[in-house]
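# Examining the three-dimensional arrangement
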Amino acid sequence: MLKLLSSSSVRQIHNHLASPCVRVTTESSTNPLLKALGSIIGLTRAKSGNPSFYERAFFSSDSSSDGKGEVVEVELKKGESGTDSADASNAIVPTSPRPEDYLTVLALPLPHRPLFPGFYMPIYVKDPKLLAALQESRKRQAPYAGAFLLKDKPGTDPNMVTGSEVEKNIYDLKGKDLFNRLHEVGTLAQITTIQGDQVILIGHRRLRITEMVREDPLIVKVDHLKEKPYNKDDDVIKATSFEVISTLRDVLKTSSHWRDQVQTYTQHIGDFNFPRLADFGAAISGASKLQCQEVLEELDVYKRLKLTLELVKKEVEISKIQESIAKAIEEKISGEQRRYLLNEQLKAIKKELGLETDDKTALSAKFRERLEPNKEKIPADVLQVIEEELTKLQLLEASSSEFNVTRNYLDWLTALPWGNYSDENFDVLRAQKILDEDHYGLTDVKERILEFIAVGKLRGISQGKIICLSGPPGVGKTSIGRSIARALNRKFFRFSVGGLSDVAEIKGHRRTYIGAMPGKMVQCLKTVGTANPLVLIDEIDKLGRGHGGDPASALLELLDPEQNANFLDHYLDVPIDLSKVLFVCTANVVDMIPNPLLDRMEVIAIAGYISDEKMHIARDYLEKSTREACGIKPEQVEVTDEALLALIENYCREAGVRNLQKHIEKIYRKIALKLVREGEESESDVSGEPKEAKAESVQTSSESIDDGSSEKNNETSTDQPSDQIQGPVDQPVDSKEATETQKIEESEVTRAVKKVLVDTSNLTDFVGKPVFHAERIYEQTPVGVVMGLAWTAMGGSTLYIETTQVEQGEGKGALHLTGQLGDVMKESAQIAYTVARAILVEKEPDNPFFANSKLHLHVPAGATPKDGPSAGCTMITSLLSLAMRNPVRKDLAMTGEVTLTGKILPIGGVKEKTIVARRSEVKTIIFPSANRRDFDELAPDVKKGVDVHFVDNYSQVFDLAFGYDQNGVNEHS
């Protein structure tokens, strides 16, 4: 009898390539096992539909003695109307012989799982020879091969090997190597379909390899295996099989994958018996390949059922764990959803009862609450804008972008301190005390702040001002701003505009832009919370200009006292009163500030500090703060005045004190390291060993004392009782410990009292070699050399002018300039050359020096760029000194711009030049008469010890330089 294997199962192969597929058959009869398995899921036999015009099917015969049916491939021919053809000869056509007739088969290695009888399995064959052999055998009506599981490579963990590595190993194995890696027991598989390198196999019966017939492709001789005889009515076998079915029932409750497998199997499997139940359970389980191979190799039905039962029991446990995990996650998600729904319902209930408002109402209430304290002080036009925006906010949807823009706009409008001013300090004495506590010197700045306080006290109200502090780096321009704010009892806000190139940083962005924000001034008012803060605008001379506009022009409105009462920010678009704000700007070079902006400021120049001022600053401020920062006590260190003065003169000649602070910090860091090292060394000296061995040394010493005392006990035990001997034994130990404790205490006292002295002799050990040397290059000024005075960004500096004769001859008069001079200084040199020739003709008419001499004028140092007009009189003096062969006075320095008629014009940097002259031990300074007032305003400490002469024309300079008296006698010569 032949049984039909529906070809619909073949079509399902393409949909289930990832897992073994069940061999599809149909059978009219059922057995008890099939009924029990079918009752689990309530399956009904599927009715076949209309097949296609040509349909391939498989038939199985029950005539074999082992119960395994013969499989015959046939083609069913249908009529055009879909009905079966009446020609019975076309209905069934045998296409293959009996399976048990195949004793020699091609060996197919299976990398992942063994193939069980009754199941489909797709495999990929990469070996061209093997694939060709499979196709050839199928054409010869012998579509059978042996499928054998591949053993793991020796020495490897099967759990750590990936599928791709196993498949790669299969492709590399050939012949005998492949034969040795195959399991002996496999499955006779029918080749149903070959598509490219994909081969679909159907398992039929178990095989055992006996020997290798051919190596490439691998052909082996096999024996067909049968199950051992068993009693179908055995109660143990029945009970085991029904336990397997019961376990499957538990698994099917949770796993839909298993349910699909059982449904497919029970719909199409024929002759469902105990061996097939065991194979089914093992095949669809998630067991490892070795466990499945063990089931495949087992021929005893009862043992096979037991192995399958173990595997499905494990699946039940895994399914329970999976169910618990899924349940926990589902409960968490459902709990969050439930909580969200309840919260939404609670909000709706509260809103209906009037107990809670929505977000828009809450926002409006918050903004109105902000306005209440200062509502009377807010300008009417601003209040109108706020009310309009609040009304607009109620009409907008919370999800719209315009809602967020309006909310942010109202947030800024209501956060500003409209009409909220801090109480100012009008106590001049208290302000003076605060300014003196934080800064030494800076008399001009302090005097201007005290004037500001005095005017405010007399008026009863203070107005804003724009003050610009200009000076070299490190003189305290930025830090004085914070002290001024503390003295005036104003809030302090600082922002730097150095390198600023976007106008929006000052004026804000338009609200139409994404991420728009107000300008720095509006942010300042929101931060400080008052409308009259002190705003420090740092580095105003370093403003940039880019594609974002010109910030210097934007500052014109901000820093104009006539306009900033109605300052308009682009973001707020309402006028803001900044007239009460005190603006303090800082700059290094005033010349870099645009003239319209500079015109709005009150400039206070802060020149560099002289040595005495630096000494006071170092002692009273820098040294104290540095000592506290390093954790050093005042009694542990002493820096002499001579060392501090040498540090200022030879290392820190800058106009400011920032570099001086760095050097003082460097000294104190080295002192801290020295104190710590000496402390550790003294601790080591007390114990006689390093700290790590101190405990061991104490223990060893106590043991040695005990040994010595025990020896003494042995010697005196015969003469004295033991109770009299014990006292002397303990006494040395106590005295030893007391001595050590006393030494440690003495060392700590010594270390606490020991002081580190820093003087001129060891100053180089702390800060290295001197950076600067004496300002004077010449002790005795030679002919043609004159000391000038120059201003630099770091303060004042000496500027020597040197002139020498290069060549002499009739009509060879010329002047050559070197020293990296700027255009202005080159023009000054030409003017000086002309004036010097005129003066020489006047003083020595018979001297043809300039007409017949080629001169070289040099200004050291050559690597430093130099420019400016104030070296004119110095150049004239240098040229005349060389022409008359008469050196100038050695203690003389001069500065001043000269015209062609010999007039001396005013110069700048009087204080800096006076400071550098004192540092260079200059006794006499020549200044233009126009700078007399600048010199008189200097502090007495700056002018001390210097003889200053003010001149109007060069003839006075000539007399002072070469020592001519009123009668024209050269006293110097």
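Calculation rules
- Residues numbered from 1 in each chain as written.
- Predicted model: local features only at pLDDT ≥ 70, side-chain atom pairs only at ≥ 80, totals over all residues.
- Heavy atoms only, no water.
- Helix = DSSP H or I, 4+ residues; strand = E, 2+ residues; numbered from the N terminus.
- Buried < 20%, exposed > 50% of the residue type's maximum accessible area, 1.4 Å probe, protein only.
- Areas by Shrake-Rupley, 256 points an atom, 1.4 Å probe, with all protein chains shown as cover.
- Axes fitted to C-alpha atoms, helices over the stretch in contact; angles between N-to-C directions.
- Parallel < 35°, antiparallel > 145°, perpendicular 65-115°, else oblique.
- Left-handed = near helix turned anticlockwise from the far one by under 90°.
- Contact = heavy atoms within 4.5 Å.
- Nonpolar A, V, L, I, M, F, W, Y, C, P; charged D, E, K, R; others polar.
- Pairing = 2+ DSSP bridges.
- UniProt positions renumbered as here; feature names shortened; annotations may be inferred.
- Patch = residues over 30% accessible without salt bridge, like charges linked within 9 Å, V, L, I, M, F, W, Y side chains within 5 Å.
- Salt bridge = Lys/Arg side-chain N within 4 Å of Asp/Glu carboxyl O.
- Core = buried A, V, L, I, M, F, W, Y, C linked by side-chain atoms within 4.5 Å.

Looking only at helices and strands, the protein chain features 33 helices and 28 strands. In the protein chain, buried positions account for 45% of the 973 residues. Taken as a whole, the protein chain presents about 50,400 Å² of accessible surface, with 50% of it coming from carbon and sulfur.

In this section: the packing of helix H14 (residues 428–438) against helix H15 (residues 443–459). Remark: H14 packs on H15, axes separated minimally by 10 Å, with the N-to-C direction vectors making an angle of 155°. In terms of orientation, H14 lies roughly antiparallel with respect to H15. Where H14 crosses over H15, the two elements pack in a sense that is right-handed. Here Val-428, Ala-431, Gln-432, Leu-435 and Asp-436 of H14 lie close against H15, whose contacting residues are Lys-446, Ile-449, Leu-450 and Ile-453. Here the residues of the contact of H14 with H15 are counted per class, giving six nonpolar, one polar and two charged.

By the criterion of burial, strand S27 (residues 924–928) is predominantly enclosed, with five of the five residues buried. Of the two faces of S27, the one lined by Thr-924, Ile-926 and Pro-928 and the one lined by Ile-925 and Phe-927 are each fully buried. As paired elements, S27 and strand S28 (residues 947–951) share five bridges and run parallel to each other. Counted as the bridge partner of Ile-926 is His-949 from S28.

Right, let's get into unusual backbone geometry. The omega torsion across Pro-860 and Ala-861 is -5°, close enough to zero to call that bond cis. With respect to the element layout, Ala-861 can be found in the loop between strand S23 (853–858) and helix H29 (872–884). One non-glycine residue, Asn-489, lies in the positive phi region at around 60°. Considering the arrangement of structural elements, one finds Asn-489 in the loop between helix H16 (477–488) and strand S12 (492–496). The phi angle at Asp-573 is positive, at roughly 60°, despite the residue not being glycine. With respect to the element layout, Asp-573 can be found in the loop between strand S14 (567–568) and strand S15 (575–576). With relative accessibility at 46%, the residue Asp-573 sits in the partly exposed group.

This part covers the UniProt feature "binding site: ATP" (unreviewed entry) in the protein chain. The positions that UniProt labels "binding site: ATP" (unreviewed entry) are, in the present scheme, Gly-471, Pro-472, Pro-473, Gly-474, Val-475, Gly-476, Lys-477 and Thr-478. Inspection of the secondary structure assignment puts Pro-472 in the loop between strand S11 (466–470) and H16. Inspection of the secondary structure assignment puts Val-475 in the loop between S11 and H16. According to the relative accessible area criterion, Val-475 is buried, its value standing at 1%. Sequence-distant contacts of Val-475, that is, excluding residues within four places in its chain, are made with Leu-442, Ile-606, Ala-607, Gly-608, Tyr-609, Ala-655 and Gly-656.

At a closest axis distance of 10 Å, the pairing of helix H21 (residues 611–630) and helix H22 (residues 641–650) adopts a crossing angle of 120°. In this view, H21 runs oblique relative to H22, as classed from their interaxial angle. Remark: the crossing between H21 and H22 carries right-handed chirality. Here Ser-611, Lys-614, Met-615, Ala-618 and Arg-619 of H21 lie close against H22, whose contacting residues are Asp-641, Leu-644, Leu-645, Ile-648 and Glu-649. Here the residues of the contact of H21 with H22 are counted per class, giving five nonpolar, one polar and four charged.

It is worth spelling out the sheet that holds S11 at this point. Spatial ordering of the open sheet is given by S12-S13-S16-S11-S17, a layout of five strands whose pairing is parallel. The open sheet has two edge strands, S12 and strand S17 (602–605), and neither has a second partner. Here the average twist between neighbouring strands, direction ignored, is 20°. In this structure, strand S13 (residues 534–538) lies alongside strand S16 (residues 582–587), joined through four bridges in parallel fashion. Bridge pairing in S16 links Val-535 to Phe-583. On the sheet, H15 packs against S11, S16 and S17 and is oriented at approximately 145° with respect to S17. Against the sheet, helix H18 (residues 520–528) makes contact with S12, S13 and S16, and its axis sits at roughly 150° relative to S12, the strand it touches most.

Here the focus is a nonpolar patch on the surface. A cluster of nonpolar residues, Ile-321, Ile-325, Ile-329 and Ile-333, forms a patch on the protein surface that exposes about 370 Å² of accessible area. Mapping Ile-321 onto the fold places it in helix H10 (residues 301–353).

For the rest of this paragraph, the subject is the pattern of salt bridges. The tally for this structure, following the rule as stated, stands at 24 salt bridges. Here Glu-243 ties to Lys-313 by a salt bridge, and the two come within 2.8 Å at their closest N and O atoms. On the criterion of sequence distance, the pair formed by Glu-243 in helix H6 (residues 235–254) and Lys-313 in helix H10 is long-range, its members being 70 residues apart. A salt bridge links Glu-602 to Arg-448; its shortest N-O distance comes to 2.5 Å. One end of the pair, Glu-602, is in strand S17; the other, Arg-448, is in helix H15, and 154 residues separate them in sequence. Its relative accessible area of 30% is what places Glu-602 among the partly exposed residues.

Next up on the list: the side chain of Glu-613. With respect to the helices and strands, Glu-613 occurs in helix H21. Apart from the residues lying within four places of it in its own chain, the contact partners of Glu-613 are Tyr-440, Gly-608 and Lys-911.

Here we come to the nonpolar core. Of all hydrophobic cores here, the largest spans 54 residues; its most connected members are Met-521, Ile-537, Ile-540, Leu-558, Leu-559, Leu-572 and Phe-583. Contacts of Met-521, omitting those with residues within four sequence positions, involve Val-535, Leu-558, Phe-567, Leu-578, Val-581 and Phe-583. In this structure, Leu-582, Ala-646, Tyr-668 and Val-758 belong to the second largest nonpolar core, which totals 51 residues.

It is worth spelling out helix H30 (residues 910–919) at this point. Buried residues dominate H30, accounting for eight of its ten residues. Of all the positions in H30, only Val-910, Glu-912, Lys-913, Thr-914, Ile-915, Val-916, Ala-917 and Arg-919 are classed as buried.

In this section: the environment of Met-521. Considering the arrangement of structural elements, one finds Met-521 in helix H18. Taking the C-alpha atoms as reference points, Met-521 and Ile-506, separated by 15 residues in sequence, lie 6.8 Å from one another.

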